[in-house]
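Residue strings, one per chain:
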Amino acid sequence: MKQRLDHFMAHANAAYYATHDPFADFTTAPEITQVFGELLGLWAAVTWRVLGAPTPIAFVEMGPGRGTLMADALRAVARAAPEFRAAATVHLIETSPRLREAQRERIGEATWYDAFDLVPEGPMILLGNEFLDALPIRQFVRRGAGWTERFVDREGFVEATSDFVAAIDTAEGDVIERCEAAETIAAAVAARLARHKGAALFLDYGPEISSPGDSLQAIADGQPADPLGAPGDADLTAHVDFSRFGAAAVGADVHGPVPQGLLLARLGLFQRTNQLARHQPVRRAATLMEGARRLAEPDRMGRLFKAIALVSPGAGIPPGFESTETGPQSS
Ligand code: SAH
């Protein structure tokens, strides 16, 4: 019995996140340094001001993991932007009961949902770090003049003829990935931002411009693993296609993507890290500096990781996205 790859990936990841501590296997920006969550909290507070400080404001996170990003963000805004903290109610989109429990311990008062559509209507600021890369993808393979779709059966990948049509130039054997779940989320978030004031910031890894390639990756026990190995034992991720994500965000203004390193540097990553490190013992100070470099340096997480912002139409440019119209897609 063959299964569509996105169905396989959805089940495998649901099982994985329900049964594993993902952070034993891989680390993410908020787990590397507290400054990441602090800066995104300040981004949220400044963006809220730019939007005219709608009150109350839903502060939403998709896929909060251990809850570290939100906890760091709330601590920072309680100090630096108390009006935003007072106006904000916390809403978390998380399907794993195990991770919900971890989030409850770190964050305290919040409301949990299984999906974005369940978050009550109204103004919102939304954050999502390394959420989109966990969503299920389909893969299509160029065979001659046509395409096949990759399915999973007991032996591994099998291909079946497909009426897929590529939107970009391809060559024999090229793989094109599609993440319908990510595009659905972009459309739903954008539609919400068209109805109510708000902004959404997604950080993830992937190319700026759609390009062919098999990016499906599995990590088990901290090591690269077979994506089709025991389902639920490995974390499955794929590159985010930022062009398609932005194009799906109909009704919102799209800013970026910008490289993560550039966004974080603009938001004050190194200043804040220096300020924190100054009051720490040498070893802790060195760890903080190393964490900041890891997130920002181009040959580490600074370039492959990108940030894209969706904002209510006409709301202006969110912090860190100033004059990004210099890339290859400039008009
Ligand atoms: N943002 C966190 C965690 C990233 S791991 C960090 O940066 O550390 C991905 C997170 O998304 C986990 O919390 C996982 O349980 C959640 N998740 C994955 N697929 C999901 C889905 N379809 N719906 C809701 N949450 C999901």
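Structure: above.
Just so you know, these numbers come straight off a predicted model, no measurement behind them.

Engineer: Just checking my understanding: could you explain the packing of helix α4 (residues 34-50) against helix α11 (residues 269-277) for this structure?
Structural biologist: How two helices sit against one another is set out by the angle between their axes and by the gap between those axes. In the contact formed by α4 and α11, the axes pass within 10 Å of each other and the chain directions differ by 125°. Here α4 lies oblique to α11, going by the angle between them. With respect to the hand of their crossing, α4 and α11 are arranged in right-handed fashion. Within the contact between the two elements, α4 uses Q34, V35, E38 and L39 and α11 uses L269, R272, T273 and L276. Of the residues that constitute the contact of α4 with α11, the class distribution is 4 nonpolar, 2 polar and 2 charged.

Engineer: I tried to follow the packing of aromatic side chains on my own but got confused; where do I start?
Structural biologist: The relative placement of two aromatic rings is captured by the distance of their centres and the angle of their planes. A full pass over the atoms with the stated rule returns 8 aromatic pairs. When the centroid spacing of 5.3 Å and the interplanar angle of 80° are considered together, the rings of Y16 and Y17 count as edge-to-face. Given a relative accessible area of 0%, Y16 falls into the buried group. Exposure remark for Y17: the relative accessible area of 17% places this residue in the buried category.

Engineer: In this structure, what is going on with the pattern of salt bridges? I would like to understand it.
Structural biologist: Oppositely charged side chains can pair when the atoms bearing their charge come close. All chains considered together, the criterion is met by 21 salt bridges. Where R300 meets E297, a salt bridge forms, and the shortest distance between an N and an O atom there is 3.2 Å. Judged by relative accessible area, R300 falls into the partly exposed class, the value being 33%. Accessibility expressed as a relative area gives 26% for E297, which makes it partly exposed. Via salt bridges that share partners, R4, D6, R138, E149 and E180 belong to a single interconnected network.

Engineer: Whenever I open this one, the sheet that holds strand β12 (residues 223-225) confuses me. Can you help?
Structural biologist: Two strands in a sheet stick together by hydrogen bonds in their backbones, pointing the same way (parallel) or opposite ways (antiparallel). Overall, antiparallel pairing links the 3 strands, which are arranged β12-β11-β13 in an open sheet. Pairing within the sheet leaves two strands with one partner each, and these edge strands are β12 and β13 (235-237). Strand after strand, the sheet turns through a mean of 35° between neighbouring axes, direction not considered.

Engineer: I'm lost on the site of the ligand in this one. Help?
Structural biologist: For the ligand, the set of nearby residues contains 16 residues, the closest of which are T28, G63, G65, E94 and N129. Here an oxygen atom of the ligand sits 2.5 Å away from a polar atom, N or O, in the side chain of T28. Between the ligand and the protein, one listed contact pairs a nitrogen atom with a backbone N or O atom of N129 at 2.7 Å. Calculation on the ligand without its partners gives an accessible area of 570 Å², and the protein chains cover 90% of this total.

Engineer: Is there a simple way to think about helix α8 (residues 180-195) in this case?
Structural biologist: Structural remark: α-helix, 3.6 residues per turn; residues separated by three or four positions point the same way. With 16 residues, α8 extends 23 Å from end C-alpha to end C-alpha; this agrees with the ideal 22 Å at 1.5 Å per step. The complete set of buried residues in α8 reads A182, I185, A186, V189, A190, R192 and L193. Taken end-on, α8 shows its buried residues confined to a sector of 160°, consistent with a single buried face. Against the buried residues of α8 lie β2 (57-62), β5 (124-129), β10 (198-205), α9 (242-248) and β15 (305-311).

Engineer: I would appreciate a short explanation of the pairing of strand β11 (residues 217-220) in the present structure.
Structural biologist: Here 3 bridges tie β11 to β13, and the two strands are oriented antiparallel to one another. Within β13, the residue paired with Q217 across the bridge is T237. In sequence, β11 turns back onto β12 through a hairpin of 2 residues, with D221 there showing a positive phi of about 50°.

Engineer: Can you help me understand the side chain of R138 in this one?
Structural biologist: Looking at where R138 falls in the secondary structure, it is placed in strand β6 (residues 138-143). In this structure R138 comes out as buried when scored by relative accessible area, which is 14%. There is a polar contact of 2.9 Å between the side chain of R138 and the side chain of E180. Ignoring any residue separated from it by four or fewer positions in sequence, one finds R138 in contact with R4, D6, E149, I176, E177, R178 and E180.

About the thresholds
Residues numbered from 1 in each chain as written. Predicted model: local features only at pLDDT ≥ 70, side-chain atom pairs only at ≥ 80, totals over all residues. Heavy atoms only, no water. Axes fitted to C-alpha atoms, helices over the stretch in contact; angles between N-to-C directions. Helix = DSSP H or I, 4+ residues; strand = E, 2+ residues; numbered from the N terminus. Parallel < 35°, antiparallel > 145°, perpendicular 65-115°, else oblique. Left-handed = near helix turned anticlockwise from the far one by under 90°. Contact = heavy atoms within 4.5 Å. Nonpolar A, V, L, I, M, F, W, Y, C, P; charged D, E, K, R; others polar. Phe/Tyr/Trp six-rings, centres within 6.5 Å; stacked < 30°, edge-to-face > 60°. Buried < 20%, exposed > 50% of the residue type's maximum accessible area, 1.4 Å probe, protein only. Salt bridge = Lys/Arg side-chain N within 4 Å of Asp/Glu carboxyl O. Pairing = 2+ DSSP bridges. Near = heavy atom within 4 Å. Polar contact = N/O pair within 3.5 Å; in protein donor to acceptor, adjacent residues only side chain to side chain. Areas by Shrake-Rupley, 256 points an atom, 1.4 Å probe, with all protein chains shown as cover. Expected span 1.5 Å × (residues − 1). Arc of directions from axis to C-beta.

Spatial relationships are all this shows, so hold off on functional conclusions.
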